[in-house]
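Take a look at the letters that make up each chain.
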Amino acid sequence: MGASRAADHNRTAHGERNVLAMSSPTLASGQDRAPDQAQAPRSGRLSAVEIDKSFLTNRVLKRVSLSLAPGEVHTLMGENGAGKSTLFRVLAGIHRPDAGAITLDATTLDLRNPHAAQAQGIYLVPQEPALMGELSVAENMYLGVLPTRGRLPGRVDWRSIRTRSQDSLRTLGLDIDVRDDARHLSIAQQQLVECAKALLRGCRIILFDEPTSPLTSREVGFLFGIIRRLRDEGYTLGFISHRMDEVMEISDRISVLRDGAVTDEVDRAGFDRSRLVSAMVGRTLSFDRKRTHRAASGRPVLTVRGLTHPSAFRAIDLDILPGEIVGFAGLIGAGRTEIAEAICGLRDKSAGSVVLNGQDITDASIPRIIEAGLVYVPEDRARHGAILPMSIRDNATAGQITRLQNPIGLLDRLREAEIAKQTLARFRVRARGPDQPMRELSGGNQQKIVFGKWMSTNPTVAILDEPTRGVDVGAKEDIYRLIEELSQSGMAIIVISSELEELIALCDRILAIYAGRITAELRGAEITAASVGAAFLGAGSTPA
Ligand SMILES: Nc1ncnc2c1ncn2[C@@H]1O[C@H](COP(=O)(O)OP(=O)(O)O)[C@@H](O)[C@H]1O
Ligand SMILES: [Mg+2]
């Protein structure tokens, strides 16, 4: 009985209904504000005027102008790397622009740092919540604006901090104990704490950088409830998202950023998927290595049928032919990695089968799957791929420890050194030699070693998850060249990528993955920037 009441309580505390039913009419009453915030920052029209920003030689924002009005949710859309986060970071005082101005109504602002921006009422809820895990929720909320007790400086009034933090979270409909360490919070809760921090500081201009990517649809609903209330109270709201459905639902206005310039701006009457997609991707490819997409032939080397995971993906069917490069196009969170992991035995599935070279490997152990000729090169090198404190030699051969053991169980050190040397040469790794520690290499060179490790097992099918994330342009080219060489030698390759250009440059066939389903298949001449861009956004699953 007690337990079920607790569950009920939780449901109402975190449910959308509770937000809408809340009695408190305003979100940021004066008492929520930190006392040292002498004047209440106002809401207003926040504008970026011809902002230019470069990082070294990389010109990321090119005379960008954007104006966010009070009482509106203004969304910024654009491909990865378009400059969206950079623009919001300039508006929030994190980056100084090289040229241009930031104005609030008629005033030009000088935002030297995030504090200066917050004093003007501008708060950025960052893409990755930046709470300090070891501090309590309350401490996090008051970081930098601690109220002191009485007139004595330095005496922090913890009781009032706790009460006010708790109240402000309750106003948002969030029922968490502010004395708890922030590291115990879910991502969704951390984001709402960030939002509460904005309100505590009296900020009335709030920028959300892709808040929804890690959230479940229920959590998105909850967050949107809050954003709508803020809008109705006249807050100025900036929002970044990739998800077309979501953007259509929450936005009053949409601006599209492409390669550091605004390519379109529309209000609700002008919302149109295909118009937005072409504004996002309608550029000629910046490198001219577009592949002549071949039609592969032969019997499939990998066949997947009905692969299902109750919460991540459903009814996945695949037939991969020898020598084929197949792209999984989709947004982060669409289920691409989960599907790959399930195929490779790294994740449970509730139904379906995986057959490799005629061998059923659906429930085989990971070593057996690798032995059978299927490898998965994960996206997060630092966490899964590379063992940074170890040498290049140890990393390059880690994929085949069982094979390199001689009958009495000793590693064959000579053979190991040979493989490591081959990897260095074949992948053009810039390193001193096989004994250099991995951590001393650049991201691109680390990636090549991780690659080499798996390729030295001679797989028939390789799944590469974001193979060029975080590597420089030169290393990217090397990796593309390698992928093509491997495919020419008959290896079938699945490339998971969030980069449109990468998919177009590499793949013979592209499968669009959206919300855990394969929603479209493109091959040959059908593979264009516009068609792949639309596929990313779930075109085919939801009519435009
Ligand atoms: N702090 C930084 N230092 C150097 N380059 C950066 C930095 N932040 C962003 N960039 C570069 O700026 C470009 C745009 O990045 P970003 O604004 O994060 O794009 P988006 O948010 O649209 O995906 C990318 O090429 C990225 O590598
Ligand atoms: Mg970003």
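Attention here is on the structure that accompanies the text. Computed from a predicted structure; not experimentally measured.

1. What to know about the nonpolar core
- Among the nonpolar cores identified, the biggest contains 57 residues, and M455 and V532 are the most heavily contacted of them.
- In terms of residues, this core owes the most to one element, helix α18 (residues 473–488), which gives six residues.
- With residues up to four places along the chain from it excluded, the contact list for M455 reads V377, R426, F427, A462, L464, L486 and M491.
- Counting residues in hydrophobic clusters, the runner-up holds 40 residues, among them L185, A196, C203 and I227.

2. What to know about the site of ligand 1
- As a matter of local geometry, ligand 1 sits amid F55, N58, V60, E79, N80, G81, A82, G83, K84, S85 and T86.
- With respect to ligand 1, the backbone of K84 contributes an N or O atom lying 2.8 Å from an oxygen atom.
- Notes on ligand 1: free accessible area 560 Å², of which the protein chains cover 60%.
- Listed by contribution, the elements that provide at least two residues to the shell around ligand 1 are β2 (58–68) and α3 (84–91).
- Element by element, the count of residues in the shell around ligand 1 is highest for α3, at three residues.
- The residue makeup of the shell around ligand 1, split by class, is three nonpolar, six polar and two charged.

3. Let's talk about the environment of Q447
- When you line up the elements, Q447 lands in helix α17 (residues 443–455).
- Measuring from C-alpha to C-alpha, the distance between Q447 and P467 comes to 7.6 Å, with 20 residues separating the pair along the chain.
- Among the polar contacts made by the side chain of Q447, one reaches the main-chain carbonyl oxygen of P467 at a distance of 2.6 Å.

4. Quick notes on the sheet that holds β2
- Across the sheet, which stays open at both edges, the four strands sit in the order β2-β1-β4-β5 with antiparallel pairing between neighbours. Only two strands of the sheet have a single partner each, and these edge strands are β2 and β5 (107–109). Each strand of the sheet is rotated relative to its neighbour by a mean of 30°, with strand direction disregarded.
- Relative to β2, strand β1 (residues 46–55) is paired through seven bridges, and the arrangement is antiparallel. The partner of I51 across the bridge, within β2, is V64.

5. Points about the layout of surface pockets
- Of the pockets and cavities examined, the second largest pocket occupies roughly 700 Å³.
- Along its surface, the second largest pocket is lined by 28 residues, and L215, R243, G333, A334 and A515 are the ones closest to its centre.
- Of all the elements in the fold, those that place two or more residues in the lining of the second largest pocket are α8 (217–232), α9 (244–250) and β12 (313–320).
- Residue composition of the lining of the second largest pocket, grouped by class: 11 nonpolar, nine polar and eight charged.

Reading the values: rules and limits
Residues numbered from 1 in each chain as written. Chains lettered and ligands numbered in written order. Predicted model: local features only at pLDDT ≥ 70, side-chain atom pairs only at ≥ 80, totals over all residues. Heavy atoms only, no water. Core = buried A, V, L, I, M, F, W, Y, C linked by side-chain atoms within 4.5 Å. Buried < 20%, exposed > 50% of the residue type's maximum accessible area, 1.4 Å probe, protein only. Helix = DSSP H or I, 4+ residues; strand = E, 2+ residues; numbered from the N terminus. Contact = heavy atoms within 4.5 Å. Near = heavy atom within 4 Å. Polar contact = N/O pair within 3.5 Å; in protein donor to acceptor, adjacent residues only side chain to side chain. Areas by Shrake-Rupley, 256 points an atom, 1.4 Å probe, with all protein chains shown as cover. Nonpolar A, V, L, I, M, F, W, Y, C, P; charged D, E, K, R; others polar. Pairing = 2+ DSSP bridges. Axes fitted to C-alpha atoms, helices over the stretch in contact; angles between N-to-C directions. 1 Å grid on protein atoms, 1.4 Å probe; cavity = no way out; pocket = protein on both sides within 12 Å on 5 of 7 lines; lining within 4 Å. Points joined across faces, edges and corners; volume = space filled by probe spheres on them.

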